Amino acid sequence: KLVYLFTFCFEFLGVGEIIRWDIFSRMKLKLFNWCKKQKLKRNETVDDEFASGISTEETQGNISKDDIKPQEDQPSSPNVRDDDNSERVTDGVKMSGDEEHIVTSRSLSAASCSNVTIDWEKAIITPEESAVFDEAYDEADEGDTDIGEHKSVIMSLLGQLKLGMDLTKVVLPTFILERKSLLELFANCFSHPDIFMSISDGASPEERIQLATKWLLTSFHAGRKGSLAKKPYNPIIGEVFHCNWDVNTPESASPPTYIAPSQKGSVTFIAEQVSHHPPVSAFYAECKEKGICANYSVWTKSKFLGISVGVDMVGVGTIHLLEHGEKYHFTLPSTYGRSILTVPWSEMGGKVQVTCPQTDYTSTLVFHTKPMYGGKLHRVTGDIKDNMTGKCLYKIDGEWNGKLKFTDESNKQAELIDTEVMAVVNKHVTPIHQQRENESRRLWRDVTLALQRNDIDRATAAKHKLEERQRVEGRTRAADGISWIPSHFKPVDDSWVYTKSIAESS
């Protein structure tokens, strides 16, 4: 009760206006731990204190200290590869590899397909079952989880975390998960493929770095469904995600729906989890018609900040423009999940850059986190400069998920971009029954469907089985002295590069 009262005072009575967030977090954790010592016996959980009167069935999802434990280390350097040449699973064809499904047997009628019953234990997926799973991924709005129903679990978890703790080694509750893998979340950065394709159309270096900056700034808003902050699945080592976009922008395309010239072509995307410890994901996108490709490998470092969570994106991506012989290096901002005790929401923060060594132009962007008092959400500012002369070419201001303004410093003319009305191109993903077993949507299908149906126990069981299988396979490789070799990416210096990149073959 004291912890709830303390939170209420901070978030609703304005105490946050006079004390810093990190100070509040430390005070709250100290109070929480004191309450546990004073009120609870040695073997009691915090849930019993905060959720007295709740039935046994309702408290089965509570987290104990045994649930919060590091995952087993697995080698990240390459020596074993998954079978890239294995056939895709089609209806009626027996799959290769592990036949065991990740959830115990139980039939459940599909919400949207009343005539289809899902057999959770069967390995081979029919087209009818595939449609049910695909719908769970493609649903326009994932809905907002009622955090109040799980507050006791959150409080128990918070009591066992420390400030700055690395969350990659912590098993987080399933109800906070977004219904997609992190690999698919990266694919959503290309939801405006016409802007990505248009970078190579720039008539001058100034225009090309401006288009590269526009693509980066408009790549974030399309990936978020629902108003609550949720966490994507941690990809399993060797997990792969494929998709593509067919682009046919109408000749009459004009702002604010379209901000790039008319485009025709196809953008293909592939992502792979190349390492587990540290967790490194790599992705590659290309448009052969335009001679443009992008390669990025990122180490996601998450940490506990008190009553918020921060995720740093460690890595540098590169856009190759083959016709112009230019490379544009870019970084990504950090992401923060705020107010995890009340109504979680997300924001981005930090400085990122887009740089071109060949032209010596640099775009610097600052994603501003909301201050404790006043200020705007999701604000971003920046500029584009010619490093040789020091001249500022463009000023940038606005919100990354709202209106953005590019001001040409030479004539003070401004271009307004409204991300809320921009046309989003839907990606094409192979139906689940035709995917390989290590592809993201097929791999996480039971977790996703269970979350869609709000069956948290089943989702947790499915997630745990996948993660446990990964740990066992990792220990087996370590015992045999075998390292993992990704199928689609190779190590180059401090990053991972797609083996079939058009930039490598040119």
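Here the structure is a predicted model, which means the values were calculated and not measured. (Residues numbered from 1 in each chain as written. Predicted model: local features only at pLDDT ≥ 70, side-chain atom pairs only at ≥ 80, totals over all residues. Heavy atoms only, no water.)

1. Let's talk about the overall build of the protein
Logical step 1: On a plain count of helices and strands, the protein comes out with 12 helices and 20 strands.
Logical step 2: For the protein, restricting intrachain contacts to residue pairs at least 6 apart in sequence, the fraction spanning at least 24 positions comes to 63%. (Helix = DSSP H or I, 4+ residues; strand = E, 2+ residues; numbered from the N terminus. Contact = heavy atoms within 4.5 Å.)

2. Describing the environment of Cys392
Logical step 1: Structurally, the position occupied by Cys392 is in strand E16 (residues 391-399).
Logical step 2: For the pair Cys392 and Ser363, spaced 29 residues apart in sequence, the C-alpha to C-alpha distance is 9.8 Å.

3. Let's talk about helix H8 (residues 205-217)
Logical step 1: The first and last C-alpha atoms of H8 sit 18 Å apart over 13 residues, in line with the 18 Å expected at 1.5 Å per residue.
Logical step 2: Looking only at H8, the buried set comprises Arg208, Ile209, Gln210, Leu211, Ala212, Thr213, Lys214, Trp215, Leu216 and Leu217. (Expected span 1.5 Å × (residues − 1). Buried < 20%, exposed > 50% of the residue type's maximum accessible area, 1.4 Å probe, protein only.)

4. Overview of the nonpolar core
Logical step 1: Of all hydrophobic cores here, the largest spans 56 residues; its most connected members are Phe190, Phe269 and Ile319.
Logical step 2: For this core, the leading source of residues is H8, giving six residues.
Logical step 3: In this structure, Val132, Leu449, Ala450 and Ile456 belong to the second largest nonpolar core, which totals 20 residues. (Core = buried A, V, L, I, M, F, W, Y, C linked by side-chain atoms within 4.5 Å.)

5. Details of the pattern of salt bridges
Logical step 1: Scanning the entire structure with this criterion turns up 18 salt bridges.
Logical step 2: Residue Glu468 is joined to Arg471 by a salt bridge in which the shortest nitrogen-to-oxygen separation is 3.0 Å. One end of the pair is Glu468 and the other is Arg471, both in helix H11 (residues 456-480) and three residues apart, which spans about a single turn.
Logical step 3: Take Glu468: its relative accessible area is 30%, and that puts it in the partly exposed class. (Salt bridge = Lys/Arg side-chain N within 4 Å of Asp/Glu carboxyl O.)

6. Details of the packing of aromatic side chains
Logical step 1: The final tally for this structure, using the stated rule, is 18 aromatic pairs.
Logical step 2: Relative to Trp215, the ring of Phe196 lies with its centre 5.7 Å away and its plane at 50°, an arrangement referred to as tilted. Taken together, the residues span a long stretch of sequence, with Phe196 in helix H7 (residues 193-198) and Trp215 in helix H8 at a distance of 19 residues.
Logical step 3: An aromatic cluster is defined as three or more aromatic residues linked by ring pairs; in this entry it consists of Phe186, Phe190, Phe196, Trp215, Phe241, Trp245, Phe269, Phe283, Tyr296 and Phe330.
Logical step 4: Its end group placed over the ring of Phe406, Lys214 keeps NZ or CZ at 5.7 Å from the ring centre.
Logical step 5: For the cation-ring pair, Lys301 lies above Trp299, with the distance from its terminal atom to the ring centre recorded as 4.9 Å. (Phe/Tyr/Trp six-rings, centres within 6.5 Å; stacked < 30°, edge-to-face > 60°. Lys NZ or Arg CZ within 6 Å of the ring centre and 35° of its normal.)

7. Thoughts on the environment of Lys180
Logical step 1: Looking at the secondary structure, you find Lys180 in strand E3 (residues 177-181).
Logical step 2: The class of Lys180 is buried, set by a relative accessible area of 3%.
Logical step 3: C-alpha separation for the pair Lys180 and Pro232, spaced 52 residues apart in sequence, amounts to 5.5 Å.

8. Observations regarding the pairing of strand E13 (residues 345-356)
Logical step 1: Two strands pair when backbone bridges link them, and strand E11 (residues 326-330) and E13 are joined in this way by two bridges, in the antiparallel orientation. Counterpart to His329 in the pairing with E13 is Thr355.
Logical step 2: Note that strand E12 (residues 334-338) and E13 share five bridges and pair antiparallel. Each residue of the ladder has a partner; that of Gly337, found in E13, is Ser346.
Logical step 3: Inspection of the sheet shows E13 paired to strand E14 (residues 361-368) by seven bridges, in the antiparallel sense. Bridge pairing links Thr355 to Thr362 in E14.
Logical step 4: Linking two consecutive strands that pair antiparallel, namely E13 and E14, is a turn of four residues; a positive phi of about 65° is found at Asp360 within it. (Pairing = 2+ DSSP bridges.)

9. Concerning the packing of helix H4 (residues 127-138) against helix H10 (residues 445-452)
Logical step 1: Where H4 contacts H10, the two axes come as close as 9 Å, and the packing angle between them is 65°. Taken together, H4 and H10 sit at an angle that is classed as roughly perpendicular. At the point where H4 passes H10, the crossing takes the left-handed sense. Contacts between H4 and H10 involve Val132, Phe133, Glu135, Ala136 and Tyr137 on the former and, on the latter, Arg445, Asp446, Thr448, Leu449 and Gln452. (Axes fitted to C-alpha atoms, helices over the stretch in contact; angles between N-to-C directions. Parallel < 35°, antiparallel > 145°, perpendicular 65-115°, else oblique. Left-handed = near helix turned anticlockwise from the far one by under 90°.)

10. Side note on the packing of H10 against H11
Logical step 1: Running from N to C, H10 and H11 cross one another at 165°; their axes reach a closest spacing of 8 Å. With respect to their mutual orientation, H10 and H11 come out roughly antiparallel. As for the relative orientation of H10 and H11, their crossing is left-handed in sense. Contacts between H10 and H11 involve Asp446, Val447, Ala450 and Leu451 from the first element and Ile456, Arg458, Ala459, Ala462 and Lys463 from the second.
Logical step 2: Looking at the contact of H10 with H11 residue by residue, the class counts come to six nonpolar, no polar and three charged. (Nonpolar A, V, L, I, M, F, W, Y, C, P; charged D, E, K, R; others polar.)

11. Concerning unusual backbone geometry
Logical step 1: Each neighbour pair has its own omega, and for His277 with Pro278 the value is 0°, a cis peptide bond.
Logical step 2: As for its position among the elements, Pro278 is in the loop between strand E6 (264-275) and strand E7 (280-287).
Logical step 3: Backbone geometry places His378, a non-glycine residue, at a positive phi of 60°.
Logical step 4: Relative to the helices and strands, His378 resides in the loop between E14 and strand E15 (379-386).
Logical step 5: For His378, a relative accessible area of 12% gives the class buried.
Logical step 6: The phi dihedral of Asp493 falls on the positive side, at around 55°, and the residue is not glycine.

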